[in-house]
Number of protein chains: 2
Amino acid sequence: MENRIRVAVDAMGGDYAPTEAVKGAVAAVLERENVDVLLVGKQEILEKELEACTYPKERIRIVPASEVIETGEPPVAAIRGKKDSSIVVGMKLVRKDEADAFVSAGSSGAILVGGTTIVGRIKGVERAPLAPLIPTRDGVSLLIDCGANVDARASHLVQFARMGSIYMEHVVGVKNPRVGIVNIGVEEEKGNALVKETYPLLKECKDINFIGSIEAREIPAGAADVIVTEAFVGNVVLKLYEGLGSTLISKIKGSMMSTLRSKIGALLVKPALKKTLKTFDASQYGGAPLLGLKGLVVKCHGNSKETEFKNSIIQCISFKEQNISERIRENLTVVQEKKEEV
Amino acid sequence: MENRIRVAVDAMGGDYAPTEAVKGAVAAVLERENVDVLLVGKQEILEKELEACTYPKERIRIVPASEVIETGEPPVAAIRGKKDSSIVVGMKLVRKDEADAFVSAGSSGAILVGGTTIVGRIKGVERAPLAPLIPTRDGVSLLIDCGANVDARASHLVQFARMGSIYMEHVVGVKNPRVGIVNIGVEEEKGNALVKETYPLLKECKDINFIGSIEAREIPAGAADVIVTEAFVGNVVLKLYEGLGSTLISKIKGSMMSTLRSKIGALLVKPALKKTLKTFDASQYGGAPLLGLKGLVVKCHGNSKETEFKNSIIQCISFKEQNISERIRENLTVVQEKKEEV
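A few words on the sheet that holds strand 9 (residues 226-228) of chain A. All names here are of chain A. An order of 5-6-9-7-8 is seen for the five strands of this open sheet, with the pairing classed as mixed. Two strands close off the open sheet at either side, each with one partner strand: strand 5 (133-135) and strand 8 (209-215). Geometrically, the sheet is characterised by an average inter-axis angle of 35° between neighbouring strands, direction not taken into account. Relative to strand 8, strand 7 (residues 178-183) is paired through six bridges, and the arrangement is parallel. Directly across from V179, in strand 8, lies its bridge partner F210.

Written out as structure tokens, the structure reads:
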């Protein structure tokens, strides 16, 4: 069992639970040799789902959890009240080191609260940011923070920049990732109070490659590898990305069906177009890690299907192999010690 | 000269000044009978530009201004220091009631500062928001505020909602426009401190059609007619709209040119596609009004060409004919009086 990665998967979370979560788990163990899955959820239901699948039996195990936290429930009360929910049970597996990571497409709020209260933050981490990869013209960028901590402080954003850099460098494989802060202009004196306070602190960070402010216009062009912002703005960026992408694509499809001439053209461009649009489909990149915790927690989209579950599980392998949590711990400790020396 | 609208146009502002500003002015007077243009800028240059154009001479007049405020200049210093700049001279025409409106593609910062300090706010207006129309699936929405006032307070956002409603109803012609506040979830308890404070105040407003929170994902689908947000987030929304739109379109174009088959298809879909993409082109909707001032100030994109200048000038006609400034004054006065009664 050496070097094996154990991923707990919330089989009850998301719009297509449990079927798509189970399919994703099966696909992941078939694709990668060194990952085992702990499927967390209602035992009978999961047994039935698994019966339909072909996979190496010893690599997927059911961990029973009788309750489900619904999306609308107030997160704190849900985490406290539903001790036998798939989210609480799954996160406890990580805390007790019975799993290396937890993947869920369930309630964002409950995952964020549970991540901090059950899995727990690495010592020195002030806030745990949610950091999805977003598609850009020629690749991906990490958007950090994206919904976990509204009304953040400058010191939080500085930690987000550090953690994001470590993730991009070691999980995504971008050497010396460019870190930019979202702003309403590129000049140093521009911005709201939070950005003005954060900017000089980022400039002082010797351990990141800070390139300054970036305007939202430049995000899709890939102007920075790590896009630092507080959660409210990050959430707006992420959701507008999804909404504008799907509106534009549906308008384009509609226009192609508008005349006979364009319908014929549509048939011819379809294969090439499909390939391009796929690179702009968020589900290709797996879920969003909640960084700075003692174990890995990955939040998938609520509408995740097999592919996103599978990619999210596979993502946990690099995270663990690259010792991201340890790297974050070391990085923040070094910074902390330097501060104390001064 | 009854019912004629006089629009001052900054002929020196924008990437394509003065040529495109002059062309836009000419196109506007040719298209609409009741508008006259005051072209503000360097006399000799403008005379030469106008020589090349055919138009009714009495309807375009040059107002000399020897200086130009550059985009990079600190706005307050520029407005104070360059008294003979096209922006200062043009705004003074509005203040002295020698023009009904001022249109400029020049420095945003200078236009915002000049709008407040030279044209002046309507009594009772706390902040003057910049409010562009953005394209949605089936029409347009007003995004307010979009860059004028960072770190706004809840009372400002309430006034933005009121002014935006008046504009959408009377200039754009949307009956009882739906007002939404940008948030990171639709539940009332969601949001950052500013949104949580503003939400109940908007709910109390009897004179607007408040529909609650909207997530950024729903903006492109046209979930609200008036999208209220503070300037930093508004600016991010506007610029991401532009950036993501152009990145997606260039990727789609690229994919259509990738194979022989798709190239042939591209020729066939092109006319239909072009028409669709045009509806998502911001320049079709003219510039963004700075609302709440004693006269109208319209900020065009820095890269505006003839069409955007023309549409921005024409936009001033409805604004004046519909007495928007007076409506705002009355609306805010009534609210103010009601408050005093309490």
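Moving on: the sheet that holds strand 10 (residues 288-290) of chain A. In a beta sheet, neighbouring strands are held together by backbone hydrogen bonds and run either parallel or antiparallel to one another. Residue and element names in this part refer to chain A. Strand order in the open sheet formed by six strands is 3-2-1-4-11-10, and the pairing between neighbours is mixed. Where the open sheet ends on each side, the last strands, each with one partner, are strand 3 (60-64) and strand 10. The sheet shows a mean angle of 25° between the axes of neighbouring strands, direction not considered. Helix 5 (residues 108-119) rests against strand 4 (101-104), strand 10 and strand 11 (296-299) of the sheet, and its axis sits at about 175° to strand 11.

Our focus in this paragraph is the pairing of strand 3 of chain A. All names here are of chain A. When strand 2 (residues 35-41) meets strand 3, the two strands line up parallel, connected through five bridges. Pairing of L38 across the sheet is with R61, part of strand 3. Traced from strand 2 through helix 2 (residues 43-51) to strand 3, the parallel crossover comes out right-handed.

Residues and elements named next belong to chain B. Structurally, A110 is set in helix 5 (residues 108-119). Given a relative accessible area of 0%, A110 falls into the buried group. Along the backbone, A110 and P74 are 36 residues apart, and their C-alpha atoms lie at a distance of 7.8 Å. Ignoring anything within four residues of it in the chain, the contact list for A110 reads I69, P75, I79 and I87.

How two helices pack is summed up by the angle between their axes together with the distance between the axes. In contact at an axis separation of 7 Å, helix 9 (residues 260-279) of chain A and helix 9 (residues 260-279) of chain B are set at 135° when each is read in the N-to-C sense. The angle between helix 9 of chain A and helix 9 of chain B falls in the class oblique. With respect to the hand of their crossing, helix 9 of chain A and helix 9 of chain B are arranged in left-handed fashion. Contacts from R261(A), S262(A), I264(A), G265(A), A266(A), L267(A), L268(A), V269(A), P271(A) and A272(A) in helix 9 of chain A reach R261(B), S262(B), I264(B), G265(B), A266(B), L267(B), L268(B), V269(B), P271(B) and A272(B) in helix 9 of chain B.

What counts and how
For every chain, the first residue of its written sequence is number 1, and the numbers climb from 1 along that sequence. Both sets of labels track the order of writing: A upward for chains, 1 upward for ligands. Side-chain atom pairs in this predicted model are given and counted only at pLDDT of 80 or more, local residue features only at pLDDT of at least 70, and totals for whole chains, interfaces and linings cover all residues. Side-chain numbers come from the whole structure's heavy atoms, not from hydrogens or water. Here, strands pair whenever DSSP counts at least two bridges between them. Note on conventions: DSSP H or I runs of at least 4 residues are helices, E runs of at least 2 residues are strands, and numbering of each starts at the N terminus. Here, axes are lines fitted to C-alpha atoms. For helices the fit covers the stretch in contact, and angles between N-to-C directions go from 0 to 180 degrees. Whether two residues are in contact is decided by their heavy atoms, any of which lying within 4.5 Å being enough. For the handedness criterion, the strands are oriented away from the viewer, and a crossover whose path from the first strand over the helix to the second runs clockwise is classed as right-handed. Think of it in three bands: with a 1.4 Å probe and only protein chains considered, a residue is buried below 20% of the maximum accessible area for its type, exposed above 50%, and partly exposed in between. Angular relationships are summarised with four words: roughly parallel below 35 degrees, roughly antiparallel beyond 145, roughly perpendicular across 65 to 115, and oblique for the angles in between. Should the near helix be turned counterclockwise from the far one by less than a right angle, the crossing is left-handed, whereas a clockwise turn marks it as right-handed.

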